[in-house]
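# Structural overview
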Amino acid sequence: MGKLDGRVVLITGAARGQGEQEARLFAAEGARVVLADVLDEPGEALAKELGHTYVHLDVSQEVDWIAAVAAAKERFGKIDGLVNNAGILRFNELVATPLEEFQLITQVNQVGTFLGIRNVAPEIEAAGGGTIVNTASYTAMTGMAGVGAYAASKHAILGLTRVAALELAARRIRVNAICPGAVDTPMSNPDGVDPAAVAELYGKLVPLGRVGQPEEIAKLALFLSCEDSSYITGQPVVIDGGWLAGVSLF
Ligand code: NAD
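What counts, and where the lines are drawn
- Residues numbered from 1 in each chain as written.
- Predicted model: local features only at pLDDT ≥ 70, side-chain atom pairs only at ≥ 80, totals over all residues.
- Heavy atoms only, no water.
- Helix = DSSP H or I, 4+ residues; strand = E, 2+ residues; numbered from the N terminus.
- Rg over C-alpha atoms; globule rule 2.2 N^0.38 Å.
- Buried < 20%, exposed > 50% of the residue type's maximum accessible area, 1.4 Å probe, protein only.
- Contact = heavy atoms within 4.5 Å.
- Lys, Arg positive; Asp, Glu negative; His and termini not counted.
- Charge placed at Lys NZ, Arg CZ, Asp CG, Glu CD.
- Near = heavy atom within 4 Å.
- Polar contact = N/O pair within 3.5 Å; in protein donor to acceptor, adjacent residues only side chain to side chain.
- Areas by Shrake-Rupley, 256 points an atom, 1.4 Å probe, with all protein chains shown as cover.
- Nonpolar A, V, L, I, M, F, W, Y, C, P; charged D, E, K, R; others polar.
- Patch = residues over 30% accessible without salt bridge, like charges linked within 9 Å, V, L, I, M, F, W, Y side chains within 5 Å.
- Salt bridge = Lys/Arg side-chain N within 4 Å of Asp/Glu carboxyl O.
- Phe/Tyr/Trp six-rings, centres within 6.5 Å; stacked < 30°, edge-to-face > 60°.

Bringing the overall build of the protein chain into the picture now. Within the protein chain, the regular secondary structure consists of seven helices and seven strands. Helices and strands appear in the protein chain in the N-to-C order β-α-β-α-β-α-β-α-β-α-β-α-α-β. Rg of the C-alpha trace for the protein chain: 17 Å, near the compact-globule value of 18 Å for 250 residues, within the 12% margin. Along the first, second and third principal axes, the C-alpha atoms of the protein chain reach 55 × 40 × 40 Å. The buried share of the protein chain, reckoned over its 250 residues, is 50%. Pairs at least 24 residues apart make up 69% of the contacts formed inside the protein chain by residues separated by at least 6 positions. Across the protein chain, the centroid of the 19 positively charged side chains sits 7 Å from that of the 29 negatively charged ones.

If you want it as structure tokens, here you go:
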């Protein structure tokens, strides 16, 4: 028995990183997975490997959401799970951030999550209920210099999560958010910095002494998407190796 037997789950940003590991784990747990991304080649290759479905979905575009929902229903007949995972990050001080960059990050991370909830929640309700997992961040819970637009969008995702949980509970839809710290994906090392330097940095910053792995984030997304979390909704769940716990003098 898989933890997601009979479920149909749409995962955004599923071509690589955390979304890829979520797609792999959800498929292994019995879900039929709709992998969505703007990176069509790796997304299609992964869907083919898993025997599931790929859709091109730019989460910032409502027309893409409408087409993706239609494609998922045509292939699997319903959708009863959503993982809003797609996101982008840019490094800049606030006073140096161009308006276009702030708006792009907002459009993908915040508006993309809103559009996912708006377009998929009615389908989950029609399927008899289910789950939505939004991907926030450590930077949804605290500040981090150099990522102001990103942190603002991730704080907003927590607001969306709480309101959606309140509004959708009566429709048998649970809505939670995951708040990862530093995770070993292309996003956290965009310029191909020496992995040894990254390991050394997080070895010092993070109490558990290492960067997180995308497979570990996927396990939390699974927990929040299956019956093991049946009495949890509206919550941000931090997964950061203890980074948010505080600072150490030693
Ligand atoms: P990643 O860059 O490896 O993967 C992100 C995926 O989202 C990519 O496949 C990308 O093509 C896709 N994507 C980007 N824009 C999109 C769009 N407009 N429409 C659809 N897909 C789009 O990064 P990741 O670490 O796997 O990030 C996954 C999520 O986790 C993101 O929301 C990110 O903000 C969040 N997060 C990451 C970290 C980290 O340290 N890596 C920490 C906290 C939160």
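A word on the site of the ligand. Around the ligand sit 28 residues, and of these Arg16, Asp37, Asn85, Tyr150 and Thr185 come closest. The separation between an oxygen atom of the ligand and a polar side-chain atom of Lys154 is 3.0 Å. Backbone polar atom of Gly181 to an oxygen atom of the ligand: 3.5 Å apart, as the coordinates give it. For the ligand, whose accessible area on its own is 830 Å², the fraction buried by protein is 94%. Breaking the shell around the ligand down by element, the ones donating at least two residues are helix H1 (17–28) and helix H5 (148–168). Among the residues making up the shell around the ligand, the classes are represented as 14 nonpolar, ten polar and four charged.

Another aspect to go through is a nonpolar patch on the surface. Judged by side-chain polarity, Met141, Val238 and Leu244 come together as a nonpolar surface patch covering roughly 200 Å² of accessible area. Note on placement: Leu244 falls in the segment after strand E7 (236–239). Residue classification places Leu244 among the partly exposed positions, given a relative accessible area of 32%.

Secondary-structure assignment places Lys154 in helix H5. Buried and without a salt bridge, Lys154 has Glu22 as its closest oppositely charged side chain, separated by 10 Å. For Lys154, the side chain forms a polar contact with the main-chain oxygen of Thr135, separated by 3.0 Å.

Attention now moves to unusual backbone geometry. Where the residue is not glycine, phi is negative for most of them; where a peptide bond is considered, it is trans in most cases. The phi torsion at Arg172 lies on the positive side, around 65 degrees, for a residue other than glycine. With respect to the helices and strands, Arg172 occurs in the loop between H5 and strand E6 (173–180).

Another aspect to go through is the pattern of salt bridges. Scanning the entire structure with this criterion turns up ten salt bridges. Asp80 is paired through a salt bridge with Lys78; the nearest N and O atoms lie 3.0 Å apart. The exposure class assigned to Lys78 is partly exposed, which follows from its relative accessible area of 24%. Of the charged contacts in the structure, one is a salt bridge between Glu200 and Lys204, with a shortest N-O distance of 3.4 Å.

Below, the discussion takes up the packing of aromatic side chains. Tallying each qualifying case throughout the model produces two aromatic pairs. Their ring planes at 20 degrees and their centres at 4.1 Å tell us that Tyr138 and Trp243 sit as a pair that is stacked. With Tyr138 in the loop between strand E5 (130–135) and H5 and Trp243 in the segment after E7, this pair connects stretches of sequence that are 105 residues apart. The interplanar angle of 80 degrees and the centroid separation of 5.9 Å between the aromatic rings of Tyr202 and Trp243 together place this pair among those described as edge-to-face. With Tyr202 in helix H6 (residues 195–205) and Trp243 in the segment after E7, the pair connects residues that are 41 residues apart, well separated along the chain.

Honestly, that's just the spatial picture; any functional story needs more than this.
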